[in-house]
Amino acid sequence: MRQNVKAFVMQDIPLYHNLVMKHIPGADPELVLLNHYYEELDRIALTDMTRSEINELLEKLGFYKKAQPEDEVPEEFRFAPAKDSPFKDERPFKSSMSTVDTENASSESNPEVKHTDL
């Protein structure tokens, strides 16, 4: 691994939110971009890039870089580099056993709602 990439891996990766290093012995270093469903979107070779070029690339892609590894990530960057989470307004399932909210309260007053899970 070139010194630039090694310095990036050792010093910069811990500062980036939603960036994970996976070491594959013998493989050339590359950035693999995934979507929310962990499907591969793109691969970018890092071998010939300098440390500053890699950092510039991540900034352009929208990755959030913390000042210190232990710093909190602001809520608006929680899903960065994605612009919006596809999960933010969806629930994977609706259950009458979930926490009480207005949805459950209104469904209890609807006589047509059938509770087949009881």
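Quick caveat: nothing in here was measured; it's all calculated off a predicted structure.

## Structural notes on the pattern of salt bridges
Part 1: Enumeration over the complete set of coordinates arrives at four salt bridges.
Part 2: Of the charged contacts in the structure, one is a salt bridge between Arg43 and Glu30, with a shortest N-O distance of 2.3 Å. Of the two residues, Arg43 is situated in strand S2 (residues 40-45) and Glu30 in strand S1 (residues 30-34); the sequence distance between them amounts to 13 residues.
Part 3: Arg43 gets classed as partly exposed once you look at its relative accessible area, which sits at 42%.
Part 4: The partner of Glu75 in a salt bridge is Arg78, and the shortest N-O contact between them spans 3.0 Å.
Part 5: What you see here is one network of salt bridges that share partners, running through Glu30, Glu40 and Arg43.

## Thoughts on the nonpolar core
Part 1: The biggest cluster of nonpolar side chains holds 14 residues, and the ones touching the most others in it are Phe8, Leu19, Leu31, Ile54 and Leu58.
Part 2: Mapped onto this core, the elements with two or more residues apiece are helix H1 (3-12), S1 and helix H2 (51-61).
Part 3: Ignoring sequence-local partners within four residues, the contact set of Ile54 consists of Val5, Phe8, Leu46 and Met49.

## Focus on the packing of H1 against H2
Part 1: Packing of H1 against H2 brings their axes to within 8 Å, and their N-to-C directions diverge by 55 degrees. One element, H1, and the other, H2, form an angle in the oblique class. Counting all contacts with H1, which are made through Asn4, Val5, Ala7, Phe8, Gln11 and Asp12, the residues of H2 involved are Arg51, Ile54, Asn55 and Leu58.
Part 2: Of the residues belonging to the contact of H1 with H2, the class tally is five nonpolar, three polar and two charged.

## Comments concerning the pairing of S2
Part 1: Across five bridges, S1 lies against S2 in antiparallel orientation. Paired with Glu30 across the strands is Ala45, a residue of S2.
Part 2: What sits between S1 and S2 in their antiparallel hairpin is a turn of five residues, with Tyr38 showing a positive phi close to 60 degrees.

## Topic: H1
Part 1: Three or more residues of H1 are buried, namely Val5, Ala7, Phe8, Val9 and Asp12.
Part 2: On its buried side, H1 packs onto H2.

## Details of the packing of aromatic side chains
Two aromatic rings are characterised by how far apart their centres lie and by the angle between their planes.
Part 1: With the rule as written, the count across this model stands at two aromatic pairs.
Part 2: Measuring from ring centre to ring centre gives 6.3 Å for Phe8 and Tyr16, while their planes differ by 45 degrees; the resulting arrangement is tilted.
Part 3: A residue is classified by how much of its surface remains accessible, and Phe8, at 4% relative accessible area, is buried.
Part 4: Ring centres of Tyr64 and Phe77 lie 4.7 Å apart, and the angle between their planes is 25 degrees; this geometry places the pair in the stacked category. With Tyr64 in the loop between H2 and helix H3 (102-108) and Phe77 in the loop between H2 and H3, the pair connects residues that are 13 residues apart, well separated along the chain.

The rules behind these values
- Residues numbered from 1 in each chain as written.
- Predicted model: local features only at pLDDT ≥ 70, side-chain atom pairs only at ≥ 80, totals over all residues.
- Heavy atoms only, no water.
- Salt bridge = Lys/Arg side-chain N within 4 Å of Asp/Glu carboxyl O.
- Helix = DSSP H or I, 4+ residues; strand = E, 2+ residues; numbered from the N terminus.
- Buried < 20%, exposed > 50% of the residue type's maximum accessible area, 1.4 Å probe, protein only.
- Core = buried A, V, L, I, M, F, W, Y, C linked by side-chain atoms within 4.5 Å.
- Contact = heavy atoms within 4.5 Å.
- Axes fitted to C-alpha atoms, helices over the stretch in contact; angles between N-to-C directions.
- Parallel < 35°, antiparallel > 145°, perpendicular 65-115°, else oblique.
- Nonpolar A, V, L, I, M, F, W, Y, C, P; charged D, E, K, R; others polar.
- Pairing = 2+ DSSP bridges.
- Phe/Tyr/Trp six-rings, centres within 6.5 Å; stacked < 30°, edge-to-face > 60°.

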